[in-house]
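# Overview (structure and organization)
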Amino acid sequence: LGQESKTTLELYGVTPGEPSFAGTCLLARRLVERGTRFVEVMYKGWDHHSDVEGGVKKICGRTDQPVAALIKDLRQRGLLDETLVVWGGEFGRTPMVEDNPALGRARGRDHHPNAYTMWMAGGGISPGQTIGETDELGYHVTEDPVHVHDLQATILHLLGIEHTELTFQHQGRDFRLTDVEGEVVEKLLA
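The text that follows walks through the structure, step by step, so that each part is easy to find.

### Description of the side chain of His112
Here His112 shows up in strand E5 (residues 111–112). For His112, the side chain forms a polar contact with the main-chain oxygen of Tyr139, separated by 2.9 Å. If near-sequence neighbours (up to four positions away) are discounted, His112 is found in contact with Phe91, Gly92, Arg93, Thr94, Gly138 and Tyr139.

Structural data, given as structure tokens:
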């Protein structure tokens with residue numbers, strides 16, 4: 001990372017010699033630039049069963065600038081069109097507060113797999129759109145649901161892999177990563 005300009009280091013929020021999420025995002029850009037086909041950048045610590053407000057502010061303070069810089073930097077270098085960026089987790093959070101004194105939890109939010117947000121950029125995604133809608137509480141999907149199998153089918157499609165060709169039989173049933181119901185979400189595609 002020492003070969004990067006001061007402007008680039010500032011864009012990401014990298015302090016030379018200090019390990020950080022910002023440095024990891026810059027390293028991801030450098031790997032993509034050199035032809036690495038798959039890069040995963042992870043930031044743990046989103047599991048806010050207590051003090052969700054303070055926890056999210058703290059983590060977003062560490063992740064927002066570097067992630068925005070990564071997207072901007074990939075775009076400026078002409079790499080975003082061929083690089084798919086996916087931001088998400090394995091589930092969302094309940095829209096209501098979780099308080100459980102027995103577990104030491106206060107002002108947090110519990111796991112919620114029924115309705116949550118992910119975003120994608122580059123790599124064949126049509127920019128600037130929102131797909132799906134929830135009820136006013138954010139509890140149930142009310143319009144254009146995207147199942148995890150649909151998301152996986154779409155990502156595989158964007159990577160040039162036909163997800164239905166990954167089907168195999170086991171004990172008389174068809175199986176695949178996207179299950180047998182997974183479909184590409186055409187609305188997401190550029």
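Back to the write-up after that little detour.
### Considering the layout of surface pockets
Considering only enclosed or pocket space, the second largest pocket measures out at about 220 Å³ in volume. Residue lining of the second largest pocket: 15 residues in total, with Arg75, Leu80, Ala121, Gly122 and Pro127 positioned closest to the centre. For the lining of the second largest pocket, the elements supplying multiple residues, two or more each, are helix H3 (52–76) and strand E6 (119–122). Ranked by the residues each element gives to the lining of the second largest pocket, the list is headed by E6, at 4 residues. Across the lining of the second largest pocket, the residue classes break down as 8 nonpolar, 5 polar and 2 charged.

### A look at the pattern of salt bridges
With the rule as written, the count across this model stands at 14 salt bridges. Residue Glu98 is joined to Arg105 by a salt bridge in which the shortest nitrogen-to-oxygen separation is 2.9 Å. Judged by its relative accessible area of 24%, Arg105 falls in the partly exposed class. Put simply, Lys187 and Asp144 hold a salt bridge, and the shortest N to O gap is 2.9 Å.

Cut-offs applied
- Residues numbered from 1 in each chain as written.
- Predicted model: local features only at pLDDT ≥ 70, side-chain atom pairs only at ≥ 80, totals over all residues.
- Heavy atoms only, no water.
- Helix = DSSP H or I, 4+ residues; strand = E, 2+ residues; numbered from the N terminus.
- Polar contact = N/O pair within 3.5 Å; in protein donor to acceptor, adjacent residues only side chain to side chain.
- Contact = heavy atoms within 4.5 Å.
- 1 Å grid on protein atoms, 1.4 Å probe; cavity = no way out; pocket = protein on both sides within 12 Å on 5 of 7 lines; lining within 4 Å.
- Points joined across faces, edges and corners; volume = space filled by probe spheres on them.
- Nonpolar A, V, L, I, M, F, W, Y, C, P; charged D, E, K, R; others polar.
- Salt bridge = Lys/Arg side-chain N within 4 Å of Asp/Glu carboxyl O.
- Buried < 20%, exposed > 50% of the residue type's maximum accessible area, 1.4 Å probe, protein only.

Spatial relationships are all this shows, so hold off on functional conclusions.
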